Amino acid sequence: MPNAIVTLDARTKLPTQFTEFELVGFTDQAGKEHVALVLGAIDDGAPVLARVHSECLTGDALFSQRCDCGPQLEAAMGKVAAEGRGIIVYLRQEGRGIGLINKIKAYAEQDKGLDTVEANEILGFEADAREYDIAAAMLTALGVAEVRLMTNNPQKLAALEQLGVKITERVPHITAGTPHNKSYLATKSKKFGHLF
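(A) Fine view of helix H4 (residues 100-111). Under the 1.5 Å per step criterion, the end-to-end length of H4 is 17 Å for 12 residues, consistent within 8% with the ideal 16 Å. On its buried side, H4 packs onto helix H1 (57-61), helix H3 (94-97) and helix H5 (116-122). Positive phi shows up at Gly113, right after H4, with a value of about 115 degrees.

(B) Spatial organisation of the pattern of salt bridges. Under the defined criterion, the tally for this structure stands at 10 salt bridges. Here Arg148 makes a salt bridge to Glu83, at a shortest N to O gap of 2.5 Å. Within this pair, whereas Arg148 is found in strand E6 (residues 146-150), its partner Glu83 is found in helix H2 (residues 69-83), the two being separated by 65 residues in sequence. Between Glu169 and Arg148 there is a salt bridge; the shortest N-O distance is 3.1 Å. Separated by 21 residues along the polypeptide, Glu169 in strand E7 (residues 166-171) and Arg148 in strand E6 bring together distant segments of the chain. What emerges from the salt-bridge pattern is a single network uniting Glu83, Arg148 and Glu169.

(C) The arrangement of a nonpolar patch on the surface in detail. Among the surface-exposed residues, Leu57, Leu62, Leu100, Ile101 and Ile104 lie close enough to one another that they form a single nonpolar patch of about 440 Å² accessible area. For the nonpolar patch, the leading source of residues is H4, giving three residues. For Ile104, the position within the fold is in helix H4.

Parameters at a glance
- All chains use their own residue numbering, which begins from 1 and follows the written sequence.
- Only residues with pLDDT of at least 70 get local features here, since the model is predicted, and only at 80 or more are side-chain atom pairs given and counted; chain-wide, interface and lining totals rely on the full set of residues.
- As a convention, hydrogens and water are excluded, and side-chain values are obtained from all of the structure's heavy atoms.
- A run of DSSP states H or I qualifies as a helix once it reaches four residues; a run of E qualifies as a strand once it reaches two. Both are numbered from the N-terminal end.
- The span you would expect from a helix comes to 1.5 Å times its residue count less one.
- Throughout, a contact is declared for two residues whenever any of their heavy atoms are within 4.5 Å.
- Whenever a carboxyl oxygen of Asp or Glu lies within 4 Å of a side-chain nitrogen of Lys or Arg, that contact is scored as a salt bridge.
- Each patch is built from residues lacking any salt bridge and having more than 30% relative accessible area; the joining distance is 9 Å for like charges and 5 Å for nonpolar side chains (Val, Leu, Ile, Met, Phe, Trp, Tyr).
- Residue exposure ignores everything except the shown protein chains as possible cover, and the areas themselves are Shrake-Rupley values with a 1.4 Å probe.

Below, the structure written as structure tokens:
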């Protein structure tokens, strides 16, 4: 995977409630900015505990209970901190790749009774428009050779492997559901094959 699709622009310390990470900022060819949270030596060739997380402003920052994104991000940060070594790649592809405003429109369609997939499709989008080439390039730029990937999504596993990311283990990444995301989680399992 050529690194030309991302530029590593900045590094700094990021103290969090979990531990102090190194925050690494990247820009892709389209001008979108992405970050990685890094802990410990991740470029020594040994498999690295990793999470590839797509931006979810509503779940990650606004604490929405319509999804499980915020709890998944927090759990990943906690697991990496507990292990003392790992990486979280944070991709700017909101709403399964459709953008924030379209995600809000999709939420409005879900309020009428549609599920996540149906809502995206009625708005003219793919059920899941996310891409992982940026994540693969970021991992390569940081010297990561192999990952133990925290995910429940078999499509993410397959996409990253096709992009040359060597995955030595799938680490289940299950968080507690809420009454508000019960249908969402069921749709992820039924229509996307997520492993719960």
